[in-house]
Amino acid sequence: MTENALRRFFMLWATAALAAASAGVGVMLATARAEGVALAVLPVVVVAIGALIASNRAVLVFVAFALCLLAPLPVSDPLPLQGIQVYPSDVLVVLAVASWAAAWLVNPKQARPSTPHTKLLGWPLLLFGVTLVAAVMRGHERYGESLFSLPLRFVLYAGIAFAISDLKPRDAYRWLVVVFYAGTLWQTGVAIRGYATGTSATDQIVLSTGGERVLAGSTAMFMAGALLLALLNLEFQRSSRKAALHLLMALLATFALVSTFQRTTFAIASILVPIALLAFRRIGLRAAVYVPLIAPFAVLVALLVPKVEPTFLPTFADRVTASPSTDATAQWRLKAYSAVWGQVRDAPLTGVGFGQPVRFIANNAHYDVGQDPHNQFLFLWAGGGLLLFGSFLLLLAVNLLEAWSRFRGASVEDRRLIYWCMSLWFVFIVNSLTGIILTRPELLLVFWILMLLPTTVRHREGDLARLG
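Thresholds, definitions, all that
As a convention, each chain's residues are numbered from 1 in the sequence order in which they are written. Only residues with pLDDT of 70 or above have their local features reported here, since the model is predicted, and side-chain atom pairs are shown and tallied only from 80 upward, although totals for entire chains, interfaces and linings are computed over all residues. Excluded from the side-chain calculation are hydrogens and water; included are all heavy atoms of the structure. Counting from the N terminus, the helices are the DSSP runs of H or I reaching at least four residues and the strands are the DSSP runs of E reaching at least two. Any pair of residues with heavy atoms lying within 4.5 Å of one another is described as a contacting pair. Here the accessible surface of atoms and residues is derived via Shrake-Rupley with a 1.4 Å probe, and residues count as covered only by protein chains that are part of the display. Using a 1.4 Å probe on the protein chains alone, a residue whose accessible area is under 20% of its type maximum counts as buried, one over 50% counts as exposed, and one in between counts as partly exposed. Pairs of strands are assigned from DSSP output, requiring at least two bridges between the strands. Every helix has an expected span of 1.5 Å times one less than the residues it contains. We define a salt bridge as a contact between a side-chain nitrogen of Lys or Arg and a carboxyl oxygen of Asp or Glu at a distance within 4 Å. Exposure above 30% relative accessible area and the absence of a salt bridge qualify a residue for a patch, where like charges join within 9 Å and nonpolar side chains (Val, Leu, Ile, Met, Phe, Trp, Tyr) within 5 Å. Within 6.5 Å between ring centres, the rings of Phe, Tyr and Trp (the latter by its six-membered ring) count as paired, and their orientation is classed by plane angle as stacked under 30 degrees, edge-to-face over 60, tilted in between. Charge-over-ring placement is defined geometrically: NZ (Lys) or CZ (Arg) within 6 Å of the ring centre, and within 35 degrees of the ring normal. Definition of nonpolar core: a set of buried residues of the types Ala, Val, Leu, Ile, Met, Phe, Trp, Tyr and Cys, connected through side-chain atoms within 4.5 Å. Only the stretch in contact is used when fitting a helix axis, every axis being a line fitted to C-alpha atoms; angles between N-to-C directions are given from 0 to 180 degrees. When describing relative orientation, an angle under 35 degrees is termed roughly parallel and one over 145 degrees roughly antiparallel, while 65 to 115 degrees is termed roughly perpendicular and anything else oblique. In this scheme the crossing of two helices becomes right-handed for a clockwise turn of the near helix relative to the far one and left-handed for an anticlockwise turn of less than a right angle. The nonpolar class holds Ala, Val, Leu, Ile, Met, Phe, Trp, Tyr, Cys and Pro. Asp, Glu, Lys and Arg form the charged class, and all remaining residues, Gly among them, are polar.

1. Describing the overall build of the protein
Thinking step 1. A count of helices and strands for the protein gives 17 helices and two strands.
Thinking step 2. Taking contacts inside the protein between residues at least 6 apart in sequence as the whole, the part at least 24 apart equals 77%.
Thinking step 3. Surface exposure of the protein reaches about 22700 Å², of which carbon and sulfur atoms provide 67%.

2. Some words on the pairing of strand E1 (residues 359–362)
Thinking step 1. Side chains Phe360 and Ala362 project from E1 onto a buried face, and the interleaved Arg359 and Ile361 project onto a face without burial.
Thinking step 2. Judged from the four bridges that link them, E1 and strand E2 (residues 365–368) form a sheet pairing that is antiparallel. Residue Phe360 lies in a different strand from E2, and its bridge partner there is Tyr367.
Thinking step 3. Connecting E1 to the next strand, E2, in antiparallel fashion are two residues, including Asn363 with a positive phi near 55 degrees.

3. Details of helix H13 (residues 328–346)
Working note: α-helix, 3.6 residues per turn, so residues spaced by three or four point in the same direction.
Thinking step 1. Taking 1.5 Å per residue as the helical rise, H13 with its 19 residues ought to reach 27 Å, and the 28 Å between its terminal C-alpha atoms agrees with that figure.
Thinking step 2. Of all the positions in H13, only Ala330, Trp332, Arg333, Ala336, Tyr337, Val340, Gly342, Gln343 and Val344 are classed as buried.
Thinking step 3. The secondary structure elements touched by the buried residues of H13 are E1, E2 and helix H14 (376–409).

4. Considerations on the pattern of salt bridges
Thinking step 1. For the structure shown, the criterion picks out seven salt bridges.
Thinking step 2. We note a salt bridge from Arg359 to Asp368, for which the minimum N-O separation is 3.8 Å.
Thinking step 3. The exposed category is assigned to Arg359, whose relative accessible area is 61%.
Thinking step 4. Across the salt bridge formed by Glu402 and Arg406, the nearest N and O atoms sit 2.7 Å from each other. Placement of the pair is Glu402 and Arg406 together in helix H14, with a separation of four residues, close to one helical turn.

5. What to know about a nonpolar patch on the surface
Thinking step 1. Residues Leu70, Leu73 and Trp186 make up a contiguous nonpolar surface patch of roughly 240 Å² in combined accessible area.
Thinking step 2. Within the element layout of this structure, Trp186 appears in helix H7 (residues 169–197).
Thinking step 3. On the basis of relative accessible area, Trp186 is assigned to the partly exposed category, the value being 34%.

6. A closer look at the packing of aromatic side chains
Thinking step 1. Following the criterion strictly, the structure yields 22 aromatic pairs and no others.
Thinking step 2. Ring centres 6.2 Å apart and planes at 55 degrees place the aromatic pair Phe65 and Trp420 in the tilted group. Taken together, the positions of Phe65 in helix H3 (residues 59–69) and Trp420 in helix H15 (residues 412–431) put the pair 355 residues apart, joining distant regions of the chain. An identical accessibility class is assigned to Phe65 and Trp420; each is buried.
Thinking step 3. Ring centres of Phe377 and Phe389 lie 6.3 Å apart, and the angle between their planes is 85 degrees; on these two criteria the pair is classed as edge-to-face.
Thinking step 4. Note on Phe377: relative accessible area 9%, which makes it buried.
Thinking step 5. Connected via pairs of aromatic rings, a cluster forms that spans Phe128, Phe154, Trp341, Phe354, Phe377, Phe379, Trp381, Phe389 and Phe392.
Thinking step 6. Here Arg112 stacks its cationic end above the ring of Trp104, 4.0 Å away from the centre of that ring.
Thinking step 7. Looking at Arg416, its charged tip hangs above the ring of Tyr173, at a distance of 4.2 Å from the centre.

7. Notes on unusual backbone geometry
Thinking step 1. A cis amide bond, omega 10 degrees, links Ala71 with the succeeding residue Pro72.
Thinking step 2. Considering the arrangement of structural elements, one finds Pro72 in the loop between H3 and helix H4 (88–106).
Thinking step 3. Within the chain, Gln371 stands out as a residue other than glycine whose phi angle is a positive 80 degrees.
Thinking step 4. With respect to the element layout, Gln371 can be found in the loop between E2 and H14.

8. Focus: the side chain of Asn399
Thinking step 1. In this structure, Asn399 sits in helix H14.
Thinking step 2. The contacts of Asn399, once residues within four sequence positions are left out, are Leu120, Met422, Trp425 and Met451.

9. Some points on the nonpolar core
Thinking step 1. Counting residues in hydrophobic clusters, the biggest one holds 110 residues, and the most contacted among them are Phe65, Phe180, Phe222, Trp420, Phe428 and Trp448.
Thinking step 2. Every residue in contact with Trp420, bar those within four places of it in the chain, is listed here: Phe65, Leu176, Phe180, Gly225, Leu228, Leu229, Leu232 and Leu450.
Thinking step 3. Listed in part, the eleven residues of the second largest apolar core include Ala336, Tyr337, Val358 and Val369.

10. Points about the packing of H7 against helix H9 (residues 240–260)
Each packed pair of helices is defined by two parameters, the angle between the axes and the distance between the axes.
Thinking step 1. Viewed as axis vectors pointing N to C, H7 and H9 meet at an angle of 45 degrees, and their least axial separation amounts to 9 Å. Classified by the angle their axes make, H7 and H9 are oblique. Crossing geometry of H7 relative to H9 is assigned as left-handed. Contacts from Tyr181, Thr184, Leu185, Gln187, Thr188, Ala191, Ile192 and Tyr195 in H7 reach His246, Met249, Leu252, Ala253, Phe255, Ala256 and Ser259 in H9.
Thinking step 2. Its residues assigned to classes, the contact of H7 with H9 shows ten nonpolar, five polar and no charged.

11. Brief notes about the environment of Ala216
Thinking step 1. Inspection of the secondary structure assignment puts Ala216 in the loop between H7 and helix H8 (217–233).
Thinking step 2. When its relative accessible area of 13% is taken as the criterion, Ala216 is described as buried.
Thinking step 3. The sequence separation of Ala216 and Leu257 amounts to 41 residues, and the corresponding C-alpha distance is 9.7 Å.
Thinking step 4. When residues no more than four places from it in sequence are discounted, the contact partners of Ala216 are Ala201, Thr202 and Thr260.

12. Focus on H15
Thinking step 1. Relative to the 28 Å expected for 20 residues at 1.5 Å per residue, H15 spans 29 Å between its end C-alpha atoms, a close match to the ideal helical length.
Thinking step 2. Where burial is concerned, most of H15 is hidden: 15 out of the 20 residues are buried.

13. Considering the environment of Arg263
Thinking step 1. Considering the arrangement of structural elements, one finds Arg263 in helix H10 (residues 263–279).
Thinking step 2. In the structure, Arg263 is positioned 43 residues away from Ala220 in sequence and 9.2 Å away in space, judged by C-alpha atoms.

Listed below in structure tokens is the structure:
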């Protein structure tokens, strides 16, 4: 075992031991659970920073994905602290920034970590941050909204870039495959258990078009990502055994995706998969070779599913064929949009500030959506006006242009990473128009990671000269 491997091995076990000890001491010294956790968090964070200096901060990126892929486990719920809501995603960002800063201070000059370099973190983020902070301050003064609120995370989560600064694109892609394949197996198991026991992995169980949801709607986005990864892996896979594994993962991801009954993601996946087949032409050829091998398995599943779960296919058919005019959920969203649009009309340029409640009546029931009508673009527009909404669109446009610039100059292998990141990023964008996505901390952090991961693919010298 090398010296570096030994150091990481001992650091790992020292971290676990000190974390357990600090948690125990915190609980013993405190009179309540919340105070005990609070006392335990600080030394754990300090030890974690030391461990990250000695190992690799990029692990934080893949932990962020794992927090979402492990649903319905409560791993992304806020920590039991008093006075302020702290989420695991907050801790990951703090660890990324603090460990980078500590490594820069304690390491010799030649061993210091790289500085995140991307136009995304320059003037576009500054403009967005200034308008966002102004809207947060406005909400604090008018409605008593906390300064460290959810909207502020839209900017602060850019700090995860410090965990990506020294990550190599091929390492990133390899670990994404590991995390997403493991997550696909987990979600497949959750879905099978749900069908077998009649349970659901989400609180939003009943579907507006009839039937019940088995997996959470947000899980659909990650299963679409797993499906794309499995297909992209076929581009370079020469081993028949590994190619069969990728096809199997594609099938399992599709099964889990359908089990979410999330129509928006269905529609996006139906666009992204054909684009992937066109952009990476060997995918279709490789898949076609193995179709005869998996055809009997697919036929067997098709025959068994209606018998084991008779409602599966009818529920899926109802979801994809339902008309918005008869869909209760679609009508609810329209009323929610209308209610929040009233705030936009009140202050179209600067917004009303974050924290003003939004109440409306639908189907003889009273609702309070807390300014988020399942549309995060409208959420930003209402809180910060056209200035904030426009700066957010500008941020997205800069991200798209920079990703395209890197894609053009990248190798075919590195293009896989950029295409996958931007595809899943697009899935997040579209779902943000109809669901609660960017106002969930763990999903917002993944959204930032998807924008920043393409920056691991370096520009060519000619591209750098043009970007100036």
